[in-house]
Amino acid sequence: MEDTGPRRIPSLKPSASPTTTNETIQNEGSSMRDFEVLKLLGKGAYGKALLCRDRRVREEEDDLVVVKQVTALNQHQADEARREALILRRLDHPNVVAFFESFVETSLEDGAALHIVMEFCDGGDLDQVIKRQRSTGKVFDENYVMRIFVQLLLALKYVHAQKILHRDIKPDNLMVAPRTGLVLIDFSGAAIEKFTQQQGMGTLSYRHADFSRDARDPALDLFSFAVTFHEALTGSHPYRDMEVCTGIPQIDEGIPAPLRTFFSKSMSIDAGERYT
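Notes on the structure in this doc start here.

Criteria and thresholds
Residues numbered from 1 in each chain as written. Predicted model: local features only at pLDDT ≥ 70, side-chain atom pairs only at ≥ 80, totals over all residues. Heavy atoms only, no water. Core = buried A, V, L, I, M, F, W, Y, C linked by side-chain atoms within 4.5 Å. Buried < 20%, exposed > 50% of the residue type's maximum accessible area, 1.4 Å probe, protein only. Helix = DSSP H or I, 4+ residues; strand = E, 2+ residues; numbered from the N terminus. Contact = heavy atoms within 4.5 Å. Axes fitted to C-alpha atoms, helices over the stretch in contact; angles between N-to-C directions. Parallel < 35°, antiparallel > 145°, perpendicular 65-115°, else oblique. Left-handed = near helix turned anticlockwise from the far one by under 90°. Nonpolar A, V, L, I, M, F, W, Y, C, P; charged D, E, K, R; others polar.

### Here's the deal with the nonpolar core
Judged by nonpolar contacts, the single largest core of 55 residues is most densely connected at L91, F149, L152, F187, F229, F263 and M267. The dominant element in this core, judged by the number of residues it contributes, is helix α3 (residues 142-161), at eight residues. In contact with F229, not counting residues within four places along its chain, are V145, M146, F149, L259, F262 and F263.

### Comments concerning the packing of α3 against helix α4 (residues 218-234)
At a closest axis distance of 11 Å, the pairing of α3 and α4 adopts a crossing angle of 165 degrees. Between α3 and α4, the angle falls in the class roughly antiparallel. Both α3 and α4 take part in a crossing whose hand is right-handed. Between α3 and α4, the residues in contact are E142, V145, M146, F149, L152, L153, L156 and H160 and P218, D221, F225, T228, F229, A232 and L233, respectively. A breakdown of the residues in the contact of α3 with α4 according to their chemical character gives 11 nonpolar, two polar and two charged.

### Section: unusual backbone geometry
At K163, a position not held by glycine, the phi torsion is positive, near 65 degrees. Following the sequence through the fold, K163 ends up in the loop between α3 and β6 (164-165). Look at D186: it is not a glycine, yet its phi comes out positive at around 60 degrees. Within the element layout of this structure, D186 appears in the loop between β8 (181-184) and β9 (191-192).

Right, dumping it as structure tokens:
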């Protein structure tokens, strides 16, 4: 087979699709030569996350960052990656992952890839924290859970005020940062309110079955918040099947009455009764 050279990423300019904005990704003069790769944090279908040291930062300063490297397979995926970078650029909140810069670079190994440089949270994700706590046979201190979930509510309030919906709230997308508390990450499935068509995203075990795949409703984030909150507080998922959220949730009987009311309303089988 003829060698056609490195695979090229689809154009990062806006496509004709309404899923993009008029903004464009601007290279900020950086390249992977500016970063020392320390380890692979994770790898997905069309990208990977790298823990890196920023060589441009003075030694006494915090120089660890996460570089999300996206090698898109088609124009839709390129639009998703581009949209995530543009969304992160707009956000500035202590409980939302900090965006530093983005750039496109071509390598022999990966072809053309979009790189998004973000804050590194060294406390791990909430899913790991919940599993470690569950292995002890004990639940978290209620004050701890309340504190971190107030931080998540503040992050959601801010994000929604920017007309952005996250659409994939779950423990894996909540990082624990010792200095700032809980940090919301992964806006790859986020929707901007003005988009009228966009492929649905999200994790089925944290979104109710009655939300359409292209839902752009803040209630989706609030429902996922309640499922995640219940799991952190009790160590158990409120939907025992855990494959999909449908039917009546199994709310832990040991939860204080005010919180039971909150969970009952948030995860009501009647969509009209849920918080919006």
